[in-house]
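Residue-level listing of the chains:
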Amino acid sequence: MRRLMPVFVLLFGLVGPTYAVGERDPYEYFFNETFGDFTEELQLARDEGKRGILLFFEMDECPFCHWMKEHVLNQPDVQAFYREHFLSFPVDIEGEIEVTAFSGELMTQKDFAFKKHRVRATPVFAFFDLDGERIHRFTGRTRDAEEFMLLGRYVAEGHYRETSFTRFKRQHR
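This one's a predicted model, so the numbers in the text were calculated from it and none came from an experiment.

1. So, the confidence of the model for the chain
For the chain, the mean per-residue pLDDT works out to 90, and 88% of the residues sit at or above 70. Predicted confidence for residues 1-16 stays below pLDDT 50, and this span has five contacts to residues more than four positions away or in other chains.

2. A closer look at the environment of D47
Looking at the secondary structure, you find D47 in helix α3 (residues 38-47). Classification of D47 as exposed rests on a relative accessible area of 58%. Side-chain polar atoms of D47 contact the side chain of Q43, separated by 2.8 Å.

3. Some details on the packing of helix α5 (residues 76-85) against helix α7 (residues 145-156)
It is at 10 Å that the axes of α5 and α7 come closest, and there the two elements cross at 15 degrees. The orientation of α5 relative to α7 falls into the category roughly parallel. With respect to the hand of their crossing, α5 and α7 are arranged in left-handed fashion. For the pair α5 and α7, the contacting residues are D77, V78, F81, Y82 and H85 in the first and A145, F148, M149, L151, G152, R153 and A156 in the second. A class-by-class count of the residues in the contact of α5 with α7 yields eight nonpolar, two polar and two charged.

4. Regarding unusual backbone geometry
Most peptide bonds adopt trans geometry, and most residues besides glycine take a negative phi value. Note that the residue after T122, namely P123, is joined by a cis bond; omega there is -5 degrees. Inspection of the secondary structure assignment puts P123 in the loop between α6 (109-117) and β5 (124-128). Despite not being glycine, R118 shows a phi value in the positive range, around 55 degrees. Secondary-structure assignment places R118 in the loop between α6 and β5.

5. Thoughts on the pattern of salt bridges
Enumeration over the complete set of coordinates arrives at eight salt bridges. Salt-bridge contacts for E58 lead to K69; the nearest nitrogen and oxygen are separated by 2.7 Å. Of this pair, E58 sits in strand β1 (residues 52-58) while K69 sits in helix α4 (residues 63-71), and the two are eleven residues apart along the sequence. Considered together, E58 and K69 belong to a single accessibility category, that of buried residues. For E105, the salt bridge is made with K116, and the minimal N-O distance between the two is 2.4 Å. On the criterion of sequence distance, the pair formed by E105 in the loop between β3 (98-100) and β4 (106-108) and K116 in helix α6 is long-range, its members being eleven residues apart.

Criteria and thresholds
Residues numbered from 1 in each chain as written. Predicted model: local features only at pLDDT ≥ 70, side-chain atom pairs only at ≥ 80, totals over all residues. Heavy atoms only, no water. pLDDT = per-residue confidence, 0-100. Contact = heavy atoms within 4.5 Å. Helix = DSSP H or I, 4+ residues; strand = E, 2+ residues; numbered from the N terminus. Buried < 20%, exposed > 50% of the residue type's maximum accessible area, 1.4 Å probe, protein only. Polar contact = N/O pair within 3.5 Å; in protein donor to acceptor, adjacent residues only side chain to side chain. Axes fitted to C-alpha atoms, helices over the stretch in contact; angles between N-to-C directions. Parallel < 35°, antiparallel > 145°, perpendicular 65-115°, else oblique. Left-handed = near helix turned anticlockwise from the far one by under 90°. Nonpolar A, V, L, I, M, F, W, Y, C, P; charged D, E, K, R; others polar. Salt bridge = Lys/Arg side-chain N within 4 Å of Asp/Glu carboxyl O.

Next up, the structure:
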């Protein structure tokens, strides 16, 4: 069977998603590993000198979530920038896996998304400061990787305190 496996992979594509040269799996290179305790993740972000935490609220059937993963979150420059400034975690808005919210409450991913953060559409990119307070929320997909990088700069550099993301984009395009 070991000798046949490469043939099956070649013929039937059992490897999973493939990426073009220079693109990398977002679950390996963009998102950080987590056990779902966001109180611990906050402490880790503080310890590592990050600007905050980014939560990517998604669901399997969301075409815009898939688009972001296939066209933006798989880009090495995007991955490097976000890894430098944030800890980033996906949250399945239909998920039954239990997580510990920033407040210390134990709840399912679904309740964390819907009840705690009022996520009704996906994707939602929610940025949290090092105290677990949401500081910016972006709903929908970005136009491209460049706009997503601007979103990251907008939060990491603290521009969200002074202006809207729309104004920031106009000033930096």
